[in-house]
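Reading the structure
Here is what each chain is made of, one letter per residue.
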Amino acid sequence: MDAKSVMDYAAKHDAKILDVRFIDIPGIWHHISFPIHQLNAGSFEDGFGIDGSSIRGWASIHESDMLLVPDPNTVFMDPFRDVPTLVMLGDVVDPMTKQPYPRDSRHIARKAEAYLGFTGIADQAFFGAEAEFFIFDNVRFDQREQHGFYFIDAEEGRWNSGRAEHNLGYRPRYKEGYFPVPPTDHYLDLRTDMTLQLEACGINVECHHHEVATGGQTEIDFKFDTMLKAADNMMIFKYVVRNTANQYGKTVTFMPKPIFQDNGNGMHTHQSLWLKGKPLFAGEAYAGLSQTALWYIGGLLKHAPALAAFIAPTTNSYKRLVPGFEAPVNLAYSRRNRSAAVRIPMYSASPKSKRVEFRPPDPSCNPYLAFSAMLMAGLDGVENKIDPGQPLDKDIYDLSPEELKNVPAMPGSLEESLKALQNDHKFLLKGDVFSQDLINLWIDYKMKNEVNALRMRPHPYEFMLYYDI
């Protein structure tokens, strides 16, 4: 769309309010609203002034003035507002230089796409991410000097099977929640409503279903897109499912591991490269892949420990990435085998469908940073012809310790992943896609506000282990 098309779209939908949204460094959406008459053709050049000093990871107080420039290609009507509200995503610009703000995650994704074209390897990268989430009925948590706890509940949770009051049974067993029909699947209608709201916002939904865990684990898959657009769509997706659930009196979380001893939330990310309208990952090598695809896999596997800092960026992520339990922590690739970190889907023989699926990411990530980092790792693999080694067409969870000895693994904690990023990030600096400033900021922020903050606080389970020691 151009400026005129947006103005016409606003008039057609009788928009009264403009809502411009942007993302902070950790990955949370923020917004600012204006009467629709504040929007004009000049808004797409001049932007709107905002104070960036209170946004996590952004400017200090003495350089806080920013411009938020709406992107006309991201327009949609917010389906949850009482007053017709036009939404656009914004790019952050320095008002003094009129240059993109270097710490704006969306700008980093733009640079990653530009670098892709500069390499000559491809001119488009397509990403399709499957972000799982839980639907709960109640959540309570607190952390103080003398106590710390969390409590979650879901009508569908198997733990409610022994409840004395109104109890009709039909709840998925632990790790047996995949695809049951209602009434065991409690959320078919809610997911359908989420799907319709997503489509109203321009998201092309492919399917929805219950996921493996009890307690309302869900997946709604939407169509892949170019990398920047896929990241935009992920933010719209999270907003829509949260607000639809809220209208039903329920709450959604994308935490990687909110329930002990059941499956967590992953974000398996499908990736492919194209050049001049032709797919580059189809070929005659293993699993119908091209040599380019194998090198791309080599880059993902080589840099996976460093990538973990962006694709599994919370301390909770590593409650999911536990060897031998559910997530693919072993850095290998395989066709069909879902226990490998990289899987090559075999649903279709069409060259256009040929892609690689990277399985360690989870939906707690900032998608602009996570997608950009994965793309840069894959491109480094292609540029340097990184051999991914031999495929591992076995159930990795059943391998003996001797067999596993030579299979590298994902980091076991956020601290380990940040150390890996500290030691391996030159591939991210190519083309000035990521800056050294951003890398340092990410490591410092995560260490101070998450790793060390958690380290300092007693854990409830420690009382069970040590109170009488």
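This text follows the structure it describes.
Here's a quick rundown of the structure. (Residues numbered from 1 in each chain as written. Predicted model: local features only at pLDDT ≥ 70, side-chain atom pairs only at ≥ 80, totals over all residues. Heavy atoms only, no water.)

1. Re the overall build of the protein
- Counting its secondary structure elements, the protein contains 13 helices and 18 strands.
- Compactness check: the protein gives a C-alpha radius of gyration of 23 Å against a globular reference of 23 Å for 469 residues, within 12% of the reference.
- A principal-axis box enclosing the C-alpha atoms of the protein has dimensions of 65 × 60 × 50 Å.
- For the protein, with 469 residues in total, the buried portion stands at 54%.
- Sequence separation of at least 24 residues holds for 68% of the intrachain contacts in the protein that already meet a minimum separation of 6.
- Accessible area for the protein stands at about 21,600 Å²; split by element, carbon and sulfur atoms hold 53% of it. (Helix = DSSP H or I, 4+ residues; strand = E, 2+ residues; numbered from the N terminus. Rg over C-alpha atoms; globule rule 2.2 N^0.38 Å. Buried < 20%, exposed > 50% of the residue type's maximum accessible area, 1.4 Å probe, protein only. Contact = heavy atoms within 4.5 Å. Areas by Shrake-Rupley, 256 points an atom, 1.4 Å probe, with all protein chains shown as cover.)

2. Some words on helix 5 (residues 227-247)
- The terminal C-alpha atoms of helix 5, which comprises 21 residues, lie 31 Å apart, in line with the 30 Å expected from a rise of 1.5 Å per residue.
- The element helix 5 is extensively covered by neighbouring structure, given that 17 of its 21 residues are classed as buried.
- One or two steps after helix 5, the chain reaches Gly249, where phi turns positive at roughly 75°. (Expected span 1.5 Å × (residues − 1).)

3. Regarding the pattern of salt bridges
- For the structure shown, the criterion picks out 26 salt bridges.
- The partner of Glu357 in a salt bridge is Arg359, and the shortest N-O contact between them spans 2.9 Å.
- Note on Glu357: relative accessible area 1%, which makes it buried.
- Given a relative accessible area of 7%, Arg359 falls into the buried group. (Salt bridge = Lys/Arg side-chain N within 4 Å of Asp/Glu carboxyl O.)

4. Structural notes on the nonpolar core
- Ranked by size, the top nonpolar core spans 131 residues in total, and within it Leu86, Phe237, Leu273, Phe310, Phe371, Leu375 and Phe434 carry the most contacts.
- Here this core gets 14 residues from one element, more than from any other, and that element is helix 6 (residues 291-311).
- Once residues lying within four places of it in the same chain are set aside, the contact partners of Phe237 are Ala131, Phe133, Leu198, Ile220, Phe222 and Phe254. (Core = buried A, V, L, I, M, F, W, Y, C linked by side-chain atoms within 4.5 Å.)

5. A look at the packing of helix 6 against helix 10 (residues 414-423)
- Running from N to C, helix 6 and helix 10 cross one another at 120°; their axes reach a closest spacing of 7 Å. As the angle between them shows, helix 6 and helix 10 are arranged oblique. Considering the relative orientation of helix 6 and helix 10, their crossing is left-handed. Touching Pro305, Ala306, Ala308, Ala309 and Phe310 of helix 6 are Ser417, Leu418, Ala420 and Leu421, all from helix 10.
- Grouping the amino acids of the contact of helix 6 with helix 10 by side-chain chemistry returns eight nonpolar, one polar and no charged. (Axes fitted to C-alpha atoms, helices over the stretch in contact; angles between N-to-C directions. Parallel < 35°, antiparallel > 145°, perpendicular 65-115°, else oblique. Left-handed = near helix turned anticlockwise from the far one by under 90°. Nonpolar A, V, L, I, M, F, W, Y, C, P; charged D, E, K, R; others polar.)

6. A closer look at the pairing of strand 6 (residues 85-93)
- Of all nine residues making up strand 6, nine are buried, and the element is well covered by its neighbours.
- Neither face of strand 6 is exposed, since Thr85, Val87, Leu89, Asp91 and Val93 on one face and Leu86, Met88, Gly90 and Val92 on the opposite face are all buried.
- The pairing of strand 1 (residues 17-23) with strand 6 spans five bridges and is parallel. Bridged to Arg21 within strand 6 is Leu89.
- Two strands pair when backbone bridges link them, and strand 4 (residues 65-70) and strand 6 are joined in this way by four bridges, in the antiparallel orientation. Looking across to strand 6, one finds that Pro70 is bridged to Gly90.
- Bridge count between strand 5 (residues 76-77) and strand 6: two bridges; the pairing is antiparallel. The partner of Met77 across the bridge, within strand 6, is Leu86. (Pairing = 2+ DSSP bridges.)

7. Considering unusual backbone geometry
- Of note, the bond from Pro182 into Pro183 is cis; its omega dihedral lies within 30 degrees of zero at 10°.
- Among the secondary structure elements, Pro183 is positioned in the loop between strand 9 (148-153) and helix 4 (188-200).
- For Ala287, which is not glycine, the phi dihedral falls at a positive 55°.
- For Ala287, the location among the structural elements is in the loop between strand 15 (278-279) and helix 6.

8. Section: the pairing of strand 8 (residues 138-143)
- The sheet contact formed by strand 8 and strand 9 spans six bridges and is antiparallel. When the bridges of strand 9 are listed, Asp142 appears paired with Phe149.
- Turn length for the strand 8-strand 9 hairpin, with the two strands adjacent in sequence and antiparallel, is four residues.

9. Remarks on a nonpolar patch on the surface
- Taken together, the side chains of Tyr461, Met464, Leu465, Tyr466 and Ile469 make up a nonpolar region of the molecular surface, amounting to roughly 640 Å² of accessible area.
- Position of Ile469 relative to the elements: it lies in the segment after helix 13 (460-466). (Patch = residues over 30% accessible without salt bridge, like charges linked within 9 Å, V, L, I, M, F, W, Y side chains within 5 Å.)

10. What about the packing of aromatic side chains?
- If you walk through the whole model with that rule in mind, you get 20 aromatic pairs.
- Look at Phe34 and Phe48: their rings are 4.2 Å apart centre to centre, the planes differ by 25°, and that puts the pair in the stacked class. With Phe34 in strand 2 (residues 29-35) and Phe48 in strand 3 (residues 48-51), the pair connects residues that are 14 residues apart, well separated along the chain.
- Ring geometry for Tyr178 against Phe179: centres 4.1 Å apart, planes inclined by 15°, an arrangement best described as stacked.
- Through a chain of ring-to-ring contacts, three or more aromatic side chains come together here, namely Phe133, Phe222, Phe237 and Phe254.
- The lysine or arginine in question, Lys238, covers the ring of Phe254, its NZ or CZ lying 5.2 Å from the ring centre. (Phe/Tyr/Trp six-rings, centres within 6.5 Å; stacked < 30°, edge-to-face > 60°. Lys NZ or Arg CZ within 6 Å of the ring centre and 35° of its normal.)

11. A closer look at the side chain of Gln197
- Structurally, Gln197 can be placed in helix 4.
- For Gln197, a relative accessible area of 17% puts it in the buried group.
- Those residues in contact with Gln197 that lie beyond four places of it in its chain are Pro79, Phe80, Val240 and Thr244.

12. Notes on the environment of Leu454
- Take Leu454: it is sitting in helix 12 (residues 436-455).
- Considered as a pair, Leu454 and Thr315 are 139 residues apart in the sequence and their alpha carbons are 8.2 Å apart.

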